[in-house]
Each structure stands twice: as C-alpha cells, then as structure tokens.
Amino acid sequence: MTGFASAWTAAAVLVAFYMTAWFALALARKDNSVADIAWGLGFVLVAAYTFVFRRTSLFLPLLVTSLVAVWGSRLSLHIFRRNRKKGEDPRYAEWRRKWGRSFFWRSYLQVFLLQGFFLLVISSPVILVNTYRWTLPPGNRGHEVWPAGLLIWCVGFFFEAVGDAQMARFKRDPANRGRIMDRGLWRYSRHPNYFGESMMWWGLFLVALEVPLGWVTVLSPLLITYLLVRVSGVPMLEKRYAGNAEFRAYVRRTNAFVPGPPKKGPAPVS
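Chemist: Could you give an account of the overall build of the protein, with specific residues and numbers?
Modeler: Counting its regular elements, the protein contains eleven helices and zero strands. Helices and strands in the protein line up, N terminus first, as α-α-α-α-α-α-α-α-α-α-α. Rg of the C-alpha trace for the protein: 20 Å, near the compact-globule value of 18 Å for 270 residues, within the 12% margin. By principal-axis analysis of the C-alpha atoms, the protein measures approximately 65 × 50 × 25 Å.

Chemist: Break down the packing of aromatic side chains for me, with residues and values.
Modeler: All chains considered together, the criterion is met by 23 aromatic pairs. With a centroid separation of 5.0 Å and 65° between ring planes, the pair formed by F43 and W71 is classed as edge-to-face. Here the residue F43 occupies a position in helix α2 (residues 34-52), and W71 occupies one in helix α3 (residues 59-83), the gap between them amounting to 28 residues. Seen in terms of ring centroids, F195 and F257 are 5.8 Å apart; in terms of plane orientation they differ by 80°. Their pairing is edge-to-face. You can see F195 sitting in helix α8 (residues 192-208) and its partner F257 sitting in the segment after α11 (245-253), a full 62 residues away along the chain. Both residues of the pair, F195 and F257, count as buried. Here a set of aromatic residues connected by ring pairs shows up, and it is made of F23, F104, W105, Y108 and F112.

Chemist: Tell me about the side chain of S33, and please be specific about residues and values.
Modeler: As for its position among the elements, S33 is in the loop between α1 (2-29) and α2. At a separation of 2.6 Å, a polar atom in the side chain of S33 contacts the main-chain amide nitrogen of D89. Dropping the residues within four chain positions of it, S33 is found in contact with N83, G87, E88, D89 and Y92.

Chemist: Break down a nonpolar patch on the surface for me, with residues and values.
Modeler: On the surface, a nonpolar cluster with roughly 410 Å² of combined accessible area is contributed by L27, F104, W105 and L109. Examining the composition of the nonpolar patch, we find that three residues originate from one element, helix α5 (residues 103-122), more than from any other. Within the secondary structure, W105 is located in helix α5. The exposure class of W105 is exposed, given its relative accessible area of 55%.

What counts, and at which threshold
- Residues numbered from 1 in each chain as written.
- Predicted model: local features only at pLDDT ≥ 70, side-chain atom pairs only at ≥ 80, totals over all residues.
- Heavy atoms only, no water.
- Helix = DSSP H or I, 4+ residues; strand = E, 2+ residues; numbered from the N terminus.
- Rg over C-alpha atoms; globule rule 2.2 N^0.38 Å.
- Phe/Tyr/Trp six-rings, centres within 6.5 Å; stacked < 30°, edge-to-face > 60°.
- Buried < 20%, exposed > 50% of the residue type's maximum accessible area, 1.4 Å probe, protein only.
- Polar contact = N/O pair within 3.5 Å; in protein donor to acceptor, adjacent residues only side chain to side chain.
- Contact = heavy atoms within 4.5 Å.
- Patch = residues over 30% accessible without salt bridge, like charges linked within 9 Å, V, L, I, M, F, W, Y side chains within 5 Å.
- Areas by Shrake-Rupley, 256 points an atom, 1.4 Å probe, with all protein chains shown as cover.
- Salt bridge = Lys/Arg side-chain N within 4 Å of Asp/Glu carboxyl O.

Put into structure tokens, the structure is as follows:
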C-alpha cells in the first residue's frame, strides 16, 4: 500500500492547489457555483496524474482513467452550460447571506477544500488501480470482475447522461416553466442522474477489486452514495420544492433514487 499512500498524498497536495485556484476564481466572479464545475474536472486531474505514474500493466489503469475522463469532462461541461449566465446557484447564494462576515473562510473550507477532500476519497479506486505495484502469479488471471464493473459503470453513465439531457431539454421549453419534470427516466426516479453517478463509482470499485486490497476502496462508492442521498444531492435539491403541490404528487408516485415502476397515485400533469 506504500505506493497508494504516496500517490494519495501527492494527489491531495495537487487537489489543494486545484481547489484554491477555483476558490480564487469564485471570489473574482462572486459566484461559488464554479465549485460544481470544478468537481468533475478534479477527478479527471487526479486520474490523469496518477496514471502518469502508474506501476502496473497498462490495461486496468487505462480503463479506469478513460472512464473517469469521459464522465468528469461530460459532467463539468454539462454544468458549465447549465449555469452559464444564470448567476450564483441558490444554494450558494443562501450560504453567502447566512455566513455574512465569515463567508470568505467558510467558503474556502466548507465548499472548496471539503469538496476536494471528498473528491480524493471517492477517487481512491482509481488511485489504487493506477499506482499499486502488483503482479499476478503465472497462470493466475485475477478475479476477472472488471467486466461487471464496466457494465455497471455504463449503466450509471447512461442514467446520468440521458437524465441530464432530458432535464436540459425539458427546461429549454418555455411551456414547462414552473412545471415538474416527470418524463423519460424521471418517470422512474426523481434523481436518475444522481443514481447514475453512484452506480458509476460502484462500477469503478468493482474494477479495483482486480487489484490486491482493492476492497479497501469501498469507502468511495459508500461516500458518494451517502452524499447524494442524504447530504448535498436529493435533500438539498428537493428542499426548493417544499410546498409545491405538483412536486408532492410526484414524490408520492416516484422513487427518490433507485429507479422503479411509478406507484399508483395522482396522474402526471400533461
């Protein structure tokens, strides 16, 4: 684990500088929403950095680094397009008002550096695959669970990318202003994109099981799933719709996270 620990430490320093640079940009723009754009690209940075110093054969490091690059780049581009010319996200604007004089340090510590720490923990399967020095004994082909991990990652990417595209298309239609999106993947889950992101990291964890001691990176999918379901994902977004009758009806018939058949209840508003 020495190579993994060294790589994680070096990546931590890199991420600290990376998030500090984004914090400086947020101060200049007076918009902490840029932290959301930094999120996906930060994973790409860590994956690329550790890939350069890989200590194993090429295949698995190339696989996990490519998957993270595709996911992180798409997510950051999507958020950039979504937030362009819209001002600061309401979540960050509310914290700006609540924190008052302590806004500077609380933003740096609680938004940017804390997010950087989460990024590092969640990146652990990729860091381990890229940097753990190991060789398989002759005739031993390993656990061969990486195809299952790749399949789960692809399912997750489908849910996140398609869910985001469907929501973006829905919001572009002026006729949908003030309405609740309950079509496509959103008919089966209130947050198919969050479900997809969680699935992708469970898939990468399975790939990491090909590496000795890969099981220690289980904290990665557990953490991202917890954050999305209990902290910064579902609860924070749904708080905006408190008191919305159409949303309450949507909640009664639609799973919050894991997709499932719509429950019997009020018919969708057409």
